[in-house]
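The lines below spell out each chain.
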Amino acid sequence: MAENETAPYAAPTPSRYRTVHLQQAKDEGRRFAMLTTYDFQMAQVFDEAGVEVLLVGDSAANTMMGLPTTLPITLEQLAVYAGSVVRGARRAMVLCDMPFGSYELSPQQAAENAIRLVKETGVHGVKIEGGVRYAEHIALMTDAGVPVMAHTGFTPQSENVLGGYRVQGRGEGAAEAMIREATTLQDAGAFALLMEMVPGDVARRVDEALRIPTVGIGAGPGTTGQVLVWQDMLGLRSGRMPRFVKQYADLRSVVTGAVQDYRREVLEGTFPAPEHGFGA
Ligand code: KIV
């Protein structure tokens, strides 16, 4: 395989994934992978594994800070994670969530904070939760030079309004309503649309109706790309896993076993061994 190719089902790897490459994937009937990332070293690992898009999700509030919801994380806190990911990503496109409270009040507020994220962290674009109410925000952010991924379906920042974690887009007329909303966001300038916890046939119909690529989480296989939270898919998270997660590894057991071995050897006095020390 040539050095700049990853696999037969993927296009040649560009020096940096950009919105144009995600659009090409959609146009050519290919898919791409997106994974949440919050730190430098995991960014390096995921980038080297070929993941096209790294998302500095506001889920950092849960996964990195142990908070029960995504609502409290601030722009400043997310910016620290975002800068770390950018420094670890050689080829992947890095997107950062607009956290709760950083964009809702006006298109100006959204554009100012999106520009801040790009300037201060080097991310290549942002993701914003919400529907048609944010079309003007998306238009201004895009005009200002910040690529925007829109996020619809279940939007965790609105969990208090939506009544908790619930599948969205069910029932009579729901698919048509979601297509209308998605088309408005596309026309406002969003370069991609993420759908969370949406019935698979609805998400597929939205993807088919749109020109821009879509990304799904709990939205079936009919979207252009897929995204998962990395601690979920690699099995670091404890407790009940959402139905839409596939666990590709059991890092919690691997890490626990290794740390138990380390502790036992420290207590026994078998670590450090002579080869881990320095001579006189
Ligand atoms: O913050 C996040 O992790 C997300 C994903 C669930 C898409 O927005």
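So, how was this worked out
- Positions within a chain are numbered from 1, following the residues in the order the chain's sequence is written.
- Owing to the predicted nature of the model, reporting of local features is limited to residues with pLDDT of at least 70; listing and counting of side-chain atom pairs is limited to 80 or more, with chain, interface and lining totals taken over all residues.
- Based on all heavy atoms of the structure, the side-chain values leave hydrogens and waters out of the count.
- The helix count covers DSSP runs of H or I at least four residues long, the strand count covers runs of E at least two residues long, and both are numbered beginning at the N terminus.
- Exposure is judged per residue with a 1.4 Å probe applied to protein chains only, and the accessible area is read against the type maximum: over 50% gives exposed, under 20% gives buried, and values in between give partly exposed.
- His is not counted here, nor are the chain ends, while Lys and Arg score as positive and Asp and Glu score as negative.
- Salt bridges are counted wherever a side-chain nitrogen of Lys or Arg sits within 4 Å of a carboxyl oxygen of Asp or Glu.
- Note on definitions: a residue-residue contact is assigned when non-hydrogen atoms from the two residues lie within 4.5 Å.
- We call Phe, Tyr and Trp rings a pair once their centres come within 6.5 Å, taking the six-membered ring for Trp, and we label the pair stacked below 30 degrees between planes, edge-to-face above 60, and tilted otherwise.
- By definition, the arc is the one covered by directions from the helix axis to the C-beta atoms.
- When DSSP finds two or more bridges between a pair of strands, those strands are recorded as paired.
- What counts as an axis is a line fitted to C-alpha atoms, over the stretch in contact for a helix, and the angles between N-to-C directions run from 0 to 180 degrees.

A closer look at the side chain of aspartate 47
Secondary-structure assignment places aspartate 47 in helix H2 (residues 40-48). For the buried residue aspartate 47, which engages in no salt bridge, the nearest side chain bearing the opposite charge is arginine 90, 4.8 Å off. Ignoring any residue separated from it by four or fewer positions in sequence, one finds aspartate 47 in contact with Gly88, Ala89, Arg90, Arg91 and Ala92.

Let's talk about the packing of aromatic side chains
Enumeration according to the criterion identifies four aromatic pairs in this entry. Aromatic pair tyrosine 103 and tyrosine 134: ring centres 5.3 Å apart, planes at 70°, arrangement edge-to-face. With tyrosine 103 in the loop between strand S3 (93-97) and helix H5 (107-121) and tyrosine 134 in the loop between strand S4 (125-129) and helix H6 (135-143), this pair connects stretches of sequence that are 31 residues apart. The same class applies to tyrosine 103 and to tyrosine 134, which are both buried.

Some thoughts on helix H1 (residues 19-27)
Within H1, burial applies to Leu22, Gln23, Ala25 and Lys26. Seen end-on, H1 carries its buried residues on one side only, within an arc spanning 155°. Buried positions along H1 lie against strand S1 (32-36), strand S2 (53-56), S3 and helix H9 (200-209). Just downstream of H1, glycine 29 is the residue with a positive phi angle, here 70°.

Here's the deal with the sheet that holds S1
In space, the eight strands of this closed barrel follow the order S1-S2-S3-S4-S5-S6-S7-S8, with parallel pairing throughout. Averaged over all adjacent pairs, the angle separating strand axes in this sheet is 25°, with direction ignored. Bridge count between S4 and strand S5 (residues 148-153): four bridges; the pairing is parallel. Paired with valine 126 across the bridge in S5 is valine 148.

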